[in-house]
Amino acid sequence: MTSAASVPFDPKDLESKVKSMYRDVATNPKGEFHFEMGRSLAERLGYSTEDLGRIPAEAIESFAGVGYFFHLADVKPGETVIDLGSGSGMDTFIAALRVGATGKVIGVDMTDEQLAKASRLRDSHSFDNITYMKGYIEDVELPAGIADVVISNGVINLATDKQAVFQEAARLLRAGGRLAISDIVTEVQLPENIVCNSTLWAACIGGAAQQDDYCTKIEHAGLRVVKREDNPAYEFISQNAKGASRKFGVKSVSILAAKP
């Protein structure tokens, strides 16, 4: 999280709420959450049963993504992939299958419990091509141009400064690299009473940007939006989220962008 953007609440309050929520996602995935999680969600979004069968089940159990983007990312053997907000690691494990032994996957997350779980599963399942590091997705302590692909799933909506996230993704990408993400956006601008509520931000609603503004931010970071797809298979389960989805067109999308 960053306090660089002007938001109507203390960004540290939001960071605390997000960390608390995703601490529970890592340690108690069968608990009650406002969003769906786990293997049935992953399969419905488009992850293949074959891929899911080759990665740690505990990572799938804590999967809280909102879409599927690997068909857009076109990850190849030997490439370097960075996952912004890697959580318990499911997408990093899928990416590791794609890049193979000659490639590299780097997961970045700010929540200790998520990092600990992902690292434990990496070690116990011998995914030697994955590295995890603690950090914020707006300010990743890695060299510029290191990545062939940057991915992120259901995380950027939580950032208070999305422009900074996209600029950081662009910095990390080499020329010709790809940004492949799934996230929550809206069809119309959210009203102030929702945007001002840090609890609704942490619930992946209050921070959702209007979809055209979201893509404009990607373009302003120096990337070219190549494709945008809606993810109708993603369903909100809390009443708050369902209401917002109906009223403001809150939804999941997957986006592919390229760095010239």
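For the structure itself, consult the block above.
Conventions and cut-offs
- Residues numbered from 1 in each chain as written.
- Predicted model: local features only at pLDDT ≥ 70, side-chain atom pairs only at ≥ 80, totals over all residues.
- Heavy atoms only, no water.
- Salt bridge = Lys/Arg side-chain N within 4 Å of Asp/Glu carboxyl O.
- Helix = DSSP H or I, 4+ residues; strand = E, 2+ residues; numbered from the N terminus.
- Buried < 20%, exposed > 50% of the residue type's maximum accessible area, 1.4 Å probe, protein only.
- Phe/Tyr/Trp six-rings, centres within 6.5 Å; stacked < 30°, edge-to-face > 60°.

**With respect to the pattern of salt bridges**
Considering all chains together, one arrives at 15 salt bridges under this definition. Here Arg98 makes a salt bridge to Asp51, at a shortest N to O gap of 2.9 Å. Of this pair, Arg98 sits in helix α6 (residues 90–99) while Asp51 sits in helix α3 (residues 49–52), and the two are 47 residues apart along the sequence. The partner of Lys251 in a salt bridge is Glu187, with the nearest N and O atoms 3.4 Å apart. Of this pair, Lys251 sits in strand β8 (residues 251–258) while Glu187 sits in the loop between β5 (173–186) and α9 (192–195), and the two are 64 residues apart along the sequence. Here Glu187 falls in the partly exposed class, since its relative accessible area comes to 43%. One network of salt bridges, with partners in common, ties together Glu187, Asp230 and Lys251.

**Re the packing of aromatic side chains**
Enumeration according to the criterion identifies eight aromatic pairs in this entry. With 4.7 Å between their ring centres and 80 degrees between their planes, Tyr47 and Tyr68 make a pair best called edge-to-face. Of this pair, Tyr47 sits in the loop between α2 (39–45) and α3 while Tyr68 sits in the loop between α4 (57–61) and α5 (70–73), and the two are 21 residues apart along the sequence. You'll find Tyr47 and Tyr68 in the same group, each marked buried. Between Phe69 and Phe70, the aromatic rings sit 4.9 Å apart at their centres with planes inclined by 35 degrees, giving tilted as the arrangement. Of the residues examined, Phe69 reaches a relative accessible area of 0% and is grouped as buried.

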